[in-house]
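Single-letter residue listing:
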Amino acid sequence: MNFNQYHQTIMSKSVWNKTIVLLLFFLFAFAKGNAQILEPVKWTSKIEKKSGNNAVLIFDGTIEKDWHMYSQFTPEGGPLALEIAFKNQKGNYTLVGKAKEGKTRTAFNDVFGVNETFFEGKAHIEQEITIINPNLKTVDVDFDFQVCKEVCINSSKKFSIAIPSTFKMDAVASVTEAKKDETKVEGLAVDTVKPVIEPATSEITKSAVADASDKQDVPAPAPARSLWSIFFIAFISGFAALLTPCVFPMIPMTVSFFTKQSKSRAKGIRNAIFYGLSIIAIYVILGLIVTKIFGADALNALSTDVWFNLIFFIILIIFATSFLGAFEIMLPNSWGNKVDQQADRGGIIGILFMALALAIVSFSCTGPIVGTLLVEAASNGGIAPIVGMLGFSLALALPFMLFAMFPGWLNSLPKSGGWLNTVKVVLGFLELALAFKFLSNADLVLQLHLLEREVFIAIWIAIFAALTLYLFGKITLPHDSPLQHISVGRLYLGLLTLVFTVYLIPGLWGAPLKLISAFPPPPQYSESPFGVGGSANSGVSTESIKGLPDGAELGPHGIMVFHDYEDGLAYAKSINKPIMLDFTGYACVNCRKMENNVWSEPTILPILKNDVVLISLYVDDKRELPAEEQFVTKSGDKIITVGDKWTDFMISKYKTNTQPLYVITDLEGKNLNSSKPTISYVSADEYLHWLKEGIGNFK
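Residues numbered from 1 in each chain as written. Predicted model: local features only at pLDDT ≥ 70, side-chain atom pairs only at ≥ 80, totals over all residues. Heavy atoms only, no water.

A. Just the pairing of strand 9 (residues 138-148), in detail. The buried fraction of strand 9 is high, at 8 of 11 residues. Pairing geometry for strand 9 and strand 10 (residues 152-162), over 11 bridges, is antiparallel. Across the sheet, residue Phe 145 finds its bridge partner in strand 10, namely Ser 155. Counting the residues that bridge the hairpin from strand 9 to strand 10 gives 3 residues. (Buried < 20%, exposed > 50% of the residue type's maximum accessible area, 1.4 Å probe, protein only. Helix = DSSP H or I, 4+ residues; strand = E, 2+ residues; numbered from the N terminus. Pairing = 2+ DSSP bridges.)

The structure is reproduced here in structure tokens:
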């Protein structure tokens, strides 16, 4: 072909169009590959002069919709908490107290068994410092944090905050004086600072900050569900309170009073309705007082506090002991007498005091229930105590209103008797079981390992076994009436608690006990993380654990797993099996959910055990690499820890920074899945299909 022919060919319309399409394809592919490097939090920082040599460092982060970033106060054993490192502090400045945070949310995480604290929409952090070097030019701060949605990202941000030349320093404080100042303010609250929104300086605009602020006022799905569950539990507890000796006999007496003393049936119904509304108002005001005294933010912070949990444990033990018949918790008689005198006045005021009299007279039965609800609601924080009291009082008030409207229903009520005390005792056993949840929380925070999973489950087995014996009449307590026979209802309840007790027993050997996963410590907080004799791992024995190849250990469900890529690759080559890379994290919630709910499926678990070599690489592993293995990436990032190494491997090889991330490769490191080279947080069916495709392409 001569030059002219060649020129005509490349300039032909069809070839030109194909060239454009090809170029566009490569540009799109490049953009798509790089779009997976996610950065859900955009940060700005500044410094403000306070007084003298004191200044405040302010960090504001805008968090993308549906993502949340964990606070520095999220407890150990849960997701990765925010870590703040002040790099050039020595000789330049001292910290005044701890870093304070703006608005956060708290929710129970049933995977890790802790109350996690996190930011949504906007993260606001302030740190006061005392500058002791008048020539200081910048304050260097590093953030390490975790952001999660369906996937999690372990990220970092380096700040170098310039000190404005307009700062006029007073006389330079000595280090000793600075430490004195720090001591004075150390007791300040750390979670009650109101966010201050200032003009954006680089990465975010005013509108973005405003949007983030607006989003914060919208309740997150998880906390909203929590409030509904609190309301439902409180509503059921209100009905339980009705069936106690202090309240149940009051129903016919009170309804008869309204129907007989009122001039007309309509007026009697109106009075009964107002009586019910008065009961609701009294208990809701009680919830409001609790929230007002402690504050919503304080309750959030207290929920993971050791002393908070220990005090609540003691309170619930006292309540349970009272219900079991050791003593009665009563308000002073003088209170009841004074309220009764006001109730005799009649009219609206009299009805209101009648409702107050019911609350006081029935306190020995309702007090422990109300106290337990307030304890449980307080651990959730926010307006939970108000919601709890609304549910409880609504259930308590409804019968009085309904029976006043339909007096004929009174004839269908069962007669008072010993069964009312049985209700109290059952509630006592339930409160006793609940108390150990709070003791477990304190033990988890302190990492004392005194109340590990097996001990907790053994205590619950003992409590519910004793309840079963009580319901079958084998145990009697101080206020029980002589029992000639047991009713059908009591028999059924006894059988139910017996079944529950038997269900708990396998938990001693490592069974997951999914029905109560929110109560006992997580499986890893255990004397035998793999179950007694390895039984939790589907028959894995101690002998098989000893026979593992070098670098391998037993992971979730007894799957053999490597934590170093080279070790896993060498073993895969020796047995000629494909590799499944699992980019994960110790504090990755959805990684644990995939392991617990997807890997455990009967169709998936045998594949992971027998058909692939699993290599789990933890991107949040903080162990420092040997000096000779540390390096600097092309982008200038320092690779210092094991987690840094696997994060860099994931980003450079697979162009993403999210976890969980799963990849099936051959022995040369080539992807075996064509449709979806990598996969993340998915359903069991999709995961199974992806596994089979990758393994089927292995040659």
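Next comes the rest of the description.
B. Representation of the confidence of the model for the protein in the model. In this model, the protein carries a mean pLDDT of 75, and residues with pLDDT of at least 70 account for 67%. In the model, residues 535-539 has pLDDT below 50 throughout and makes 16 contacts with residues more than four positions away in sequence or in other chains. (pLDDT = per-residue confidence, 0-100. Contact = heavy atoms within 4.5 Å.)

C. Representation of the pattern of salt bridges within the structure. Inspection of the entire model under this criterion finds 9 salt bridges. Residue Glu 595 is joined to Arg 592 by a salt bridge in which the shortest nitrogen-to-oxygen separation is 2.9 Å. Taken together, the residues Glu 595 and Arg 592, both in helix 19 (residues 589-598) and 3 residues apart, mark about one turn of the helix. Since its relative accessible area comes to 7%, Glu 595 is described here as buried. We classify Arg 592 as buried; its relative accessible area is 11%. One continuous salt-bridge network, built from bridges that share partners, spans Lys 87, Asp 142 and Lys 158. (Salt bridge = Lys/Arg side-chain N within 4 Å of Asp/Glu carboxyl O.)

D. A look at the packing of helix 15 (residues 453-471) against helix 16 (residues 488-504). One way to put it is that helix 15 packs onto helix 16 with a least axis distance of 9 Å and a crossing angle of 160°. In this view, helix 15 runs roughly antiparallel relative to helix 16, as classed from their interaxial angle. The interaxial crossing formed by helix 15 with helix 16 has left-handed handedness. Side by side, helix 15 and helix 16 meet where Ile 457, Trp 460, Ile 461, Phe 464, Ala 465, Leu 467, Thr 468, Tyr 470 and Leu 471 of the first sit next to Arg 490, Leu 493, Gly 494, Thr 497, Leu 498, Phe 500, Thr 501 and Leu 504 of the second. Of the residues that constitute the contact of helix 15 with helix 16, the class distribution is 12 nonpolar, 4 polar and 1 charged. (Axes fitted to C-alpha atoms, helices over the stretch in contact; angles between N-to-C directions. Parallel < 35°, antiparallel > 145°, perpendicular 65-115°, else oblique. Left-handed = near helix turned anticlockwise from the far one by under 90°. Nonpolar A, V, L, I, M, F, W, Y, C, P; charged D, E, K, R; others polar.)

E. Representation of the side chain of Glu 126. When you line up the elements, Glu 126 lands in strand 8 (residues 122-131). Here Glu 126 occupies a buried position and makes no salt bridge, while the nearest side chain of opposite charge, Lys 100, is found at 6.3 Å. (Lys, Arg positive; Asp, Glu negative; His and termini not counted.)

F. Summary view of unusual backbone geometry. The residue after Gln 659, namely Pro 660, is reached through a cis peptide bond having omega 0°. With a phi close to 60°, His 557 is a non-glycine residue in the positive phi region. Backbone geometry at Lys 655 places phi at a positive 55°, although glycine is not the residue there. Along the chain, the position of Lys 655 falls in the loop between helix 21 (642-654) and strand 17 (661-665). On the basis of relative accessible area, Lys 655 is assigned to the partly exposed category, the value being 35%.

G. Structural view of the nonpolar core. By size, the foremost hydrophobic cluster in this structure holds 44 residues, and its most contacted members are Met 580, Leu 581, Phe 583, Trp 599, Leu 608, Tyr 687 and Leu 691. With 5 residues, the single largest contributor to this core is helix 21. Residues in contact with Leu 581, not counting those within four places in the same chain, are Tyr 565, Ile 615, Leu 617, Phe 649, Tyr 654, Leu 661, Tyr 662, Val 663 and Thr 665. Counting 31 residues, the second-largest nonpolar core is a separate cluster that includes Val 147, Val 151, Ile 161 and Ile 163. (Core = buried A, V, L, I, M, F, W, Y, C linked by side-chain atoms within 4.5 Å.)

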